[in-house]
Every structure is written in C-alpha cells, then in structure tokens.
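Residue-level structural notes
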Amino acid sequence: MSPRSPREISVLVPEHLPPLYPDDPARIGPYLVLGRLGQGASGTVYAAVDPASPTAGERLVAVKVLRSPVGDREALVRRLTALAQVDPARVVVPSAFDARADRPWLAMPYMEGERLSHLVTKRGGLGTGKLLALAVGLAEGLSALHARGVAHGSLNHERVLLESHGPHIMDCAVTDADGTGATWLSPERFAGGEASPAGDVFSWGAVTAYAGTGRLPFGPGEPGEIAARAAAGEHNLTGLPKGLVPVVSRALDPEPGARPSLHEVIGSVLAVWQRENGREGAGPPDREELAALMEREWRAVEPAQRVPRVIRLEGRPSRERSPRVPVVVGAGVLAVALVGAGVWGVSRLAGTSDDEALVADTGLEEASPSPSPQEEPRTLVVRFDPAEQENVVEGPWVFTPVDRDDEPVRGQGVPTHQDWAAQWEEAGEPGTAVIDPEAEVLCAKFCAAPDHVFLDEEGRGTWELTGRDFIDYLSWGPVVIVEVTFSEEEAAEGEPREIVQVTELFTD
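These remarks concern the structure in this document. Since the structure is predicted, the reported quantities are computational estimates derived from the model, not experimental observations. (Residues numbered from 1 in each chain as written. Predicted model: local features only at pLDDT ≥ 70, side-chain atom pairs only at ≥ 80, totals over all residues. Heavy atoms only, no water.)

1. Brief notes about the packing of helix H3 (residues 128–147) against helix H8 (residues 262–276)
The angle between the axes and the distance between the axes are what describe a pair of packed helices. Spelled out, the test is: Each axis is a line fitted through C-alpha atoms, and for a helix only the stretch in contact is used; angles between axes span 0 to 180 degrees, taken between their N-to-C directions. Only runs of H or I of at least four residues qualify as helices and only runs of E of at least two qualify as strands under DSSP, and these elements are numbered from the N terminus. Orientation is classified from the angle alone, with under 35 degrees giving roughly parallel, over 145 giving roughly antiparallel, 65 to 115 giving roughly perpendicular, and any other angle giving oblique. Left-handed describes a crossing in which the near helix is turned anticlockwise from the far one by less than a right angle; the clockwise case is right-handed. Working rule for contacts: check all heavy atoms of both residues, and any pair within 4.5 Å makes them a contact. Gly is placed with the polar residues, together with every amino acid not listed as nonpolar (Ala, Val, Leu, Ile, Met, Phe, Trp, Tyr, Cys and Pro) or charged (Asp, Glu, Lys and Arg).
With their axes 10 Å apart at the nearest point, H3 and H8 run at an angle of 160° to one another. Of the possible angle classes, the one that applies to H3 and H8 is roughly antiparallel. In this structure, H3 meets H8 at a crossing whose hand is left-handed. Contacts between H3 and H8 pair Thr128, Leu132, Ala135, Val136, Ala139, Glu140, Leu142, Ser143 and His146 from the former with Leu262, Val265, Ile266, Val269, Leu270, Val272, Trp273 and Glu276 from the latter. For the contact of H3 with H8, the residue count by class is 12 nonpolar, 3 polar and 2 charged.

The structure is reproduced here in structure tokens:
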C-alpha cells in the first residue's frame, strides 16, 4: 500500500454528515470545513477538521460562524474570553475564536448527543433519576457561567445537549434571545431586559418543568399570551415529582428577587435525590460522587457511528458522501445535525446527493385526485400551521387539506411561508394525525438557509429529514404546505391516522 500524501489526513466523521451549501466557506480560521451541523438565530454551525490535532478521532470540531451584525465587537471579545475560562464539565465552551473577523467565529469540541427537546418529544417526560440529574447538571452549568460573569440569557430546551456524561449547556456565545420562545424567558427578559443570573434561574425552572412533565409549563399559544401567563405566575407543574415542585415554582416566580439562588436550587434538588434514594440525614454527595451518579443516568445515550474519511489539506473538501451502511447500536440511535436551534450533536439530517441542485424553474405536481367517498385517501396535500397546534410536544397534530387550480407564479423570488400558503385554498375539513418520528421527510424550505430552497423539477423538497425533525418544526416554525402519506395500516376506531411520509411543496 502506498503511503498517504502528506497533504492528506484521516478524520472520523458522522456517517450521515449533511453537505455544505454552495456559498458556505471552505475554511474558517485554521479549520477545514466538511459539512453543516445546524443553523439557528445566532449563526451557523459547521463540522470542521483541525489539522493540528494528532489523531483522527480528535480532529473533528464544531465551528460556529455568528450572524452579522454582531453588535459591539469588543463586548463580544470580552464575553468569549470569559466563556473560554468557564468550567467545561456542563457547558460547551470555545477552544478558539476570532471575534474581530469579518464574520466572527468560535471553535468548540464536537460533541455527540441528543437535544433535550428531541428526547422529550420522542419519549415524554424524563424519569425521576434522569430529571434530578438534569436539574443539578443544568444548575451547575449555569453556576459555572455566572462564576465567570457570564449570564446565558436564552437557555431553552433546544440548547441542552444530552450525552453519555450528562447535560451540556450550549449557545452561550451571544445573549441573543430572538431564537428563544416566551416559555423560556423570564418576564423581565421578555420585556427587553438584560441577561441576568435571576433570568437564567427562571429559564432553569422552565426547562426542568418541561423535562419532567413533557409539557410547556405556561401552555401553548401566541408569545404574548404565554408571556402574560408567565408574568402572572400561572404555570402548570402537574406531573412534576412532588419534591421538585417547590423549588421549580420559586424559580418561575415573576419577581426576580423572589427566585432562589443556584446554590439553593442545587441544595433543594440534592435533598430530593437523597429522599428518593433513602439517604435522608446523610451528607450530600460530593462532586465526584455526584458526577458518577449523573453519568450513570446517561449511559444509554450512545454516540453515533463515525466513519473514516481522507481529507485533502488544500482546496475545497470533497462533497462526496459516505455510503449509507445500516448500523445497529444500543438504546440510543441518535442524530447528527440539530437544525433550527443551531446546535450540533448526533446526526439526524441526511443531505441531498451530489447531483441535486437548486432548481430555478419549477412547477408543482397537481394534487392527487379525490377518491370515492367510501375510502380515505392515503396521500393528501395539506397545510400545517404551528399556531393551530393544541399540543406541539405530543400531538396529535392538526392539518387542513388544501388544493389549487392554477400553476404557481414563478420567477418572482422566493415567497414567504405565509405568502405561499395563501396561494392554496382549503379543500376539506381540518383533521388530526400522529406523525411517525421515523417518517421520511423531504424538506424544501423550512430546513434551509434564508436564501436557499431545495427543490426538484416538480417543486418538491429534496432535503432529507425525519418525522422527529418535522414534529420539532411544528413547535416553532411558520405555516407549511406539504404532501403527506398515511400508513397503510388502519387506525383504531376513533384514533387519528399515522403519517409516514412528508414532502414539502414550494416554489421559487
């Protein structure tokens, strides 16, 4: 075998790493960019190679490019400098950054795990052991941030990564709360106040309540409605372990001064843990014992399969995708790219193939003809409006059949979701369905960057996602028009049908 060229190195990458967009950077600082891991309100996260790392397993890093404008550059330098000094046990911290670059960036360790929002959507509220471990871990992470003078300011269920050593708090680089719903923001923060430790305690309470009950603590609704309930202290903690109710209720107090300190939070949660484990009267576990206990709770969260790839150190990296090989792992078959929140972890996005391109002149396939009244159609074109969903976490999800008689207007720029949906007419009564978390989903726009759509010649989406991604989208995104296919298996009487395939319809 001939020796490898000194201009090539090997790196272990996620098996289904989503590809780069055409205008994505080939390099960021010293890092060679391989693919996308996610995109959120504050920027885009890429998988990249650190050529200076000594082994293939350590070369993969996550690099986040912040969106412009980023405000005061010197303030960003100070924040990132402080963040780099935070204890990384429960916080994802930068290993390198350049806040003065044209597009500021920061590099972080690549971490494999699953977002809390996905785990709860998939399995419901956490068991008591995991919930207590999560509550303590998040409080410790926030304490570590505050010890360096950094308030997170926008902690939510999307910004908690669960991996085999416990929870990690992400997206700490900027205090941008634009991507955070009213559920997670304290009343003073929602009103435009600065990020503060007391506001982070409120967010801790909201995330802990959600993780323990599987529900949004202030219920669904428009942001203003949710914020009004939060300001009135109208939270619902039904289903949360009784021992946690007092401290979580205090954390969600509308008045910042009435909320507990994180030291009190940790003490209260450990007291519940001691009661649950028959250790009342004994001293609280020390840090090492606590770390071991939390790690035990997360052992089922297994890392995703990685495959070796040879990377050229010159030129743009190849967009060639690794072949899809079925891999059987333990209880946690997890995902890699966490779209919408701008986080990274185990992949659940499978990118399009190399020969797929953005199509400029597209038409939409006509809606399937109506079946006879005696049979329900397997395939429908429907509108999903997240604002109409009664339970964005558990479903069932509300849809409205739609149709159109004309061809879409093309060549006038990419429409907004609302403008696109307005072109379709209701063609039936609203219905409800459940969505298979493993359903095949082809996205055209909701997964994409602002200036991109992923379409074939018929105006159908091509970017591969899963039902889990689509369910997550219905908790925060705008209205979409999709073609859905229902399961061939008949639903039990009175039960909603199951959607097994979703294809977004869109136009340029």
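Moving on from the model shown.
2. A short note on helix H5 (residues 197–213)
Inclusion rule: A helix is expected to reach a length of 1.5 Å times the quantity of its residues less one. Each residue gets one of three labels from its accessible area relative to the maximum for its type: buried under 20%, exposed over 50%, partly exposed in between, using a 1.4 Å probe on protein chains only.
The end-to-end C-alpha distance of H5, which contains 17 residues, comes to 24 Å, matching closely the 24 Å that a straight helix rising 1.5 Å per residue would cover. Among the 17 residues that make up H5, 15 are buried, leaving the element largely enclosed by the rest of the structure. Phi turns positive, to about 80°, at Gly214, one or two residues after H5.

3. What to know about the pairing of strand E17 (residues 431–443)
Keep this limit in mind: Two strands pair under a simple rule: DSSP has to find at least two bridges between them.
As defined by bridge partners, strand E15 (residues 397–403) adjoins E17 across 3 bridges and the pair is classed as antiparallel. Of the residues in E17, the one forming a bridge with Phe399 is Gly431. In the sheet, E17 pairs with strand E18 (residues 463–466) via 4 bridges, with the strands oriented antiparallel. From the neighbouring strand, Glu440 faces E18, where its bridge partner is Thr466.

4. What to know about the pairing of strand E1 (residues 8–14)
Most of E1 is tucked away: 5 of the 7 residues are buried. Direction of pairing for E1 relative to strand E11 (residues 306–312): antiparallel, over a ladder of 7 bridges. Considered in E11, the bridge of Val13 is made with Val307.

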